[in-house]
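Residue-level structure breakdown
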Amino acid sequence: MADPKYDLVIIGSGPGGYVAAVRASQLGLKTAIVEEKHLGGICLNWGCIPTKALLRCAEIHHLLHHLDEFGFSAKDVGFDIGKIVARSRAVADQLSKGVGYLMKKNKIDILEGRGRLAGKGKVAIEQAKKKVGEVEAKHIILATGARARTLPGLEPDGKKIWTYMEAMVPESFPKSLLVIGSGAIGIEFASFYRNLGAEVTVVEILDRILPVEDAEISKLAQKAFEKQGIRIRTQASVENLKATQTGVTATVKTGDREEEVEAERAILAVGITGNVEDIGLEGTKVKVEKGHVVVNEWLATDEPGVYAIGDLVGPPWLAHKASHEGVVCVEKIAGVKGVHPLDVTRVPGCTYSMPQVASVGFTEEAAKKAGREVRVGRFPYRGNGKAIALGEAEGLVKTVFDKKTGELLGAHILGAEATEMIQGYMIARTLETTEADLIEAIFPHPTLSEMLHESVLDAYDRVIHF
Amino acid sequence: MPKQLLMQALSPTMEEGTLAKWLKKEGDAIAIGDVLAEVETDKATVEMEAPEEGVLGKILVAEGTEGVKVNAPIAWLLEEGEDASALKDAKAAPPPAPRKKPKEAKKEAVAEKPQPKPSASQPQRPAARGDGRIFASPLARRIAGDEGIDLTQIQGSGPKGRIVLRDLESAPRGAASGRSSRQRIRRTPGELPSFREMSNTNIRKVIAERLTRVHQDVPTFFLSIDCEIDALLALRKQANEMVAEKLSVNDFLIRAAALALIEVPAANSSWDEKAIRQYKAADVSMAVATDRGLITPVIQSADAKTVQEIAAEAKALAEKARAGKLRPEEFQGGTFTISNLGMFGIRQFDAILNPPQACILAVGAGEPRAVVKNGQLTSATMMSCTLTCDHRVVDGAVGAEFLAAFKRYVEEPARMLLKEAGYG
């Protein structure tokens, strides 16, 4: 066999693929990345980043409508949804170009087209369903990501029944919205549209919204959203979802109760499914289960030389998890010593709604289920000076410690800047600090971060400001 | 011209030593008398001073190297104005091949068995460095403490070999003294319990070698005597009300022994193949237990010093001994040794001679005992002392004479005050 041209070919340039490529280049692997659409993948183009641009606008809108609280007045405050969307797209474009620059800087070849496994150590490149080339690689990483899941009866039409993609680029602002599913994606859109004035109904099949979060946080978040006027139905299902002339209609069943819901648009946010189709898995040993590629702790599939990372291999569906897996996978390939498999209890999760939700590690319930005796600390935003000064006195910082060892098992934040603050606990957990170190740490005053300290103090009956 | 710095003989008996720690680094300016390094000799850790001035150019012997021979080159010293390039021209004597690997390689003196099986996926880097510091996460430390896991025996798999939680999963529990050892280690019949192996320090080796020799080669016998110390205790109490630094019973006993030795010089002697030496001053060695081993700093001319002087000196010497900071001249020599285990409640014991001294006095605890005085049964504070004698030098009668003199000083402590200083 001739020498493969590349040490590594990565299919997909999302946050898993492009980070893996950069790391591979740093480790001296000759690397190429195959991308069909946009460098940066969903995250940069249709996910994390453009939605944050939208949510920033929602925040500004919120402040503009609470100017009086801060001593300001303004008349005729309005928004242009077209401009809001255009800004979001511009942000995405800028970052996508940035990824192109990163590839160039790291001497990574960009192969434009769809990548498909084409026999041992080979990747075919297709454009418009036609094969335009083939490269050889010692190692291949599949990083093709995922897309919105659809369920029977819950299928998007791209016009009135949206997925996150259409929801990100509305042509006009819908006056009412039905959000099906209350994970991070559903809640972020619910929050965005509600803040800009839409009537929003959220339907969740489980008994609480944000079901992966700590139950206490879910409950408080639900209260906060309901206070803003979002209608929330839990333990509820959507039936007869139909697009009509003017919008959508559906029956929401909560137990025995049925209600007809009409809205201009619906968003399907019932999870995601891996992009496992049409990438040449047929005839390989790569196993697919429940829409995701099966890998071992080092992200290797059952097919020698083929690896998979990120959303393609399953939850948690988070960009930073994909990036980390990319690094682990590449380092393992390159024979770097001291590589460790990803530990999901160290992966923070963030929802950028208003209020924000962020967490890392075990929920209180999961910790108890795992047989741990726990000490729980809580500190409300209303006990924090900076939060009150900001006008953001709603929220809670909750910590869960192992009673015996003092291990920080988990941390859960609801409120302003939760997503920026969770890193403190993430580092604490990653460095394996105990409550003793956290109690000794000196937090700056006045900051929201003081609540991180107070919550720990509370877990050990030493809280100061509450 | 660069000059070689040589390992110095830091005690009369030193043939080799462990270069424990460099206190100067390459490039440091050195003045005569600057402390260059700490060297562990056969008896103690000693500071090695610079014999010449200059700039420390290059260190040839790494910290922790054992068995560095006296006069082996350990570093290059540059003259003022020279830089390191001068070393290229200097005829480099090859650095001495260390007899043993630096300590880092085998981890400070402790090896646990059974060893935890290192997992194949983990890098093999010891978390403990040569200076004994262990890199471990706070959580790993706490769990190790709670469950009796010996962290020195664990290969850390975290960044730079840091021990983290996952490294404890397969570690043996209860091996180290933890706050609780929940798990019992199961052993098959005939299998020894797990143990810690502490490689012998120089001081331990010297103790073993010398005591074995004296026990095998020297004919010894033991004489015991009981002393009533109520008067001594009363005097001590009175004296202690007058001084800031308290006097111990042992300080009085050192003085009493020293004076008795001057009275009975035959007991203040040593055997030599050619002649017996009788010393004209009583240099009393006092046995001090340290975590490195037993060491006997010397109070020179104790017969010529007041109890207060002896107390101050004894306290300073004991502190230095425990810190491993005794200078060789502070523990070498001595003409007689006192070993006191009274503070541990030992009633009576026999000591092994401290060669080449002919006698050692083993002092037990002062305790109230029933005694008969003038036909009456009464109580007194009694202390049993046993003299070990080298029979080649000291006969039974001489030993008894010494003990009688000693007892007189102890039981009538005012005598200690009457004796004037000036023998030393």
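Refer to the structure above for everything that follows.
This report concerns the structure included in the present document. Because the structure is predicted, anything quoted here is derived from the model rather than measured.

Below, the discussion takes up the overall build of chain B. Assigned secondary structure in chain B consists of nine helices and 20 strands. Within chain B, the fraction of its 424 residues that count as buried is 35%. When contacts within chain B are restricted to residue pairs at least 6 apart in sequence, long-range pairs at least 24 apart make up 67% of them.

Attention now goes to the sheet that holds strand E8 (residues 161-162) of chain A. Residues and elements named next belong to chain A. Reading across from one edge, E8-E15-E9-E10-E11 is the order of the five strands in this open sheet, with parallel pairing throughout. Among the strands making up the open sheet, the edge pair consists of E8 and strand E11 (231-233). In this sheet, strand E10 (residues 199-203) lies alongside strand E9 (residues 176-180) in parallel orientation, the contact comprising five bridges. Paired with Val179 across the bridge in E10 is Val202. Against the sheet, helix H6 (residues 184-195) touches E9, E10 and strand E15 (265-268), its axis set at about 165° to E10.

Another aspect to go through is the interface of chain B and chain A. Each partner contributes to the interface: chain B provides 10 residues, whereas chain A provides 11 residues. Residues belonging to the side of chain B that touches chain A are distributed by class as follows: seven nonpolar, two polar and one charged.

Residue and element names in this part refer to chain A. Note: strand E12 (residues 236-243) against strand E13 (residues 248-254), six bridges, orientation antiparallel. Within E13, the position partnered with Glu239 by the bridge is Thr251. Between the antiparallel neighbours E12 and E13 lie four residues. Pairing of E13 with strand E14 (residues 257-263), which is carried by seven bridges, proceeds in the antiparallel orientation. In the sheet register, Val248 faces E14, and the bridge partner there is Ala263. Where E13 folds back on E14, the antiparallel hairpin that results is connected by two residues, among which Gly255 adopts a positive phi of roughly 60°.

This part covers the packing of helix H5 (residues 249-263) of chain B against helix H8 (residues 396-411) of chain B. All names here are of chain B. Two numbers describe how H5 lies on H8: the axes approach to 8 Å, and their chain directions differ by 135°. As the angle between them shows, H5 and H8 are arranged oblique. Like other packed secondary-structure pairs, H5 and H8 cross with a definite hand, here right-handed. Contacts between H5 and H8 involve Leu253, Ala256, Ala257, Leu259, Ala260 and Glu263 from the first element and Phe402, Ala405, Phe406, Tyr409 and Val410 from the second. Tallied by class, residues from the contact of H5 with H8 come to 10 nonpolar, no polar and one charged.

Moving on: the environment of Asp146 of chain B. All names here are of chain B. Mapped onto the elements, Asp146 comes out in helix H2 (residues 138-147). Judged by local crowding, Asp146 falls into the partly exposed class, with 17 C-beta atoms found within 10 Å. Here the alpha-carbon distance between Asp146 and Arg173, two residues 27 residues apart in the chain, equals 9.5 Å.

Residue and element names in this part refer to chain B. On the basis of which strands lie adjacent, the open sheet formed by four strands has the order E5-E4-E2-E7 and antiparallel pairing. Both edges of this open sheet fall to strand E5 (45-49) and strand E7 (65-69), since each of them pairs with a single strand only. When strand polarity is set aside, the average angle formed by the axes of neighbouring strands in this sheet is 45°.

Turning our attention to the environment of Asp150 of chain B. Residue and element names in this part refer to chain B. Mapped onto the fold, Asp150 is located in the loop between H2 and strand E10 (195-198). Using a count of 21 C-beta atoms within 10 Å as the deciding quantity, one classes Asp150 as buried. Sequence separation of Asp150 and Pro172 is 22 residues, and the distance between their C-alpha atoms is 8.0 Å.

Counting 139 residues, the largest nonpolar core has Val9, Ala20, Ile141, Leu142, Ala266 and Ile309 of chain A as the members making the most contacts within it. Counting 80 residues, the second largest nonpolar core, distinct from the first, contains Val55, Ile295, Ala314 and Ile360 of chain B.

All names here are of chain A. The contact between helix H3 (residues 48-64) and helix H4 (residues 81-105) brings their axes to 8 Å, and the two run at 145°. Crossing angle aside, the handedness with which H3 passes H4 is right-handed. Taking contact as the criterion, the partners of Ile49, Pro50, Ala53, Leu54 and Cys57 in H3 are, on H4, Ile84, Arg87, Ser88, Arg89, Val91, Ala92 and Leu95. Split into classes, the residues belonging to the contact of H3 with H4 amount to nine nonpolar, one polar and two charged.

Attention shifts here to helix H7 (residues 215-227) of chain A. Residues and elements named next belong to chain A. A rise of 1.5 Å per residue sets the reference length of H7, with its 13 residues, at 18 Å; its end C-alpha atoms lie 18 Å apart and thus fit the reference within 8%. When H7 is considered as a whole, its buried residues turn out to be Ile217, Ser218, Leu220, Ala221, Gln222 and Phe225. In the core, the buried residues of H7 are packed alongside E11, strand E21 (357-361), strand E23 (395-402) and strand E24 (408-415). Positioned one or two residues after H7, Gly229 has a phi angle of 100°, which is positive.

Cut-offs and rules
- Residues numbered from 1 in each chain as written.
- Chains lettered and ligands numbered in written order.
- Predicted model: local features only at pLDDT ≥ 70, side-chain atom pairs only at ≥ 80, totals over all residues.
- Helix = DSSP H or I, 4+ residues; strand = E, 2+ residues; numbered from the N terminus.
- Buried ≥ 20, exposed ≤ 12 C-beta atoms within 10 Å, placed from the backbone.
- Contact = placed C-beta atoms within 7 Å.
- Pairing = 2+ DSSP bridges.
- Axes fitted to C-alpha atoms, helices over the stretch in contact; angles between N-to-C directions.
- Nonpolar A, V, L, I, M, F, W, Y, C, P; charged D, E, K, R; others polar.
- Parallel < 35°, antiparallel > 145°, perpendicular 65-115°, else oblique.
- Left-handed = near helix turned anticlockwise from the far one by under 90°.
- Core = buried A, V, L, I, M, F, W, Y, C linked by C-beta atoms within 7 Å.
- Expected span 1.5 Å × (residues − 1).

Read these as layout, nothing more, since geometry by itself doesn't imply function.
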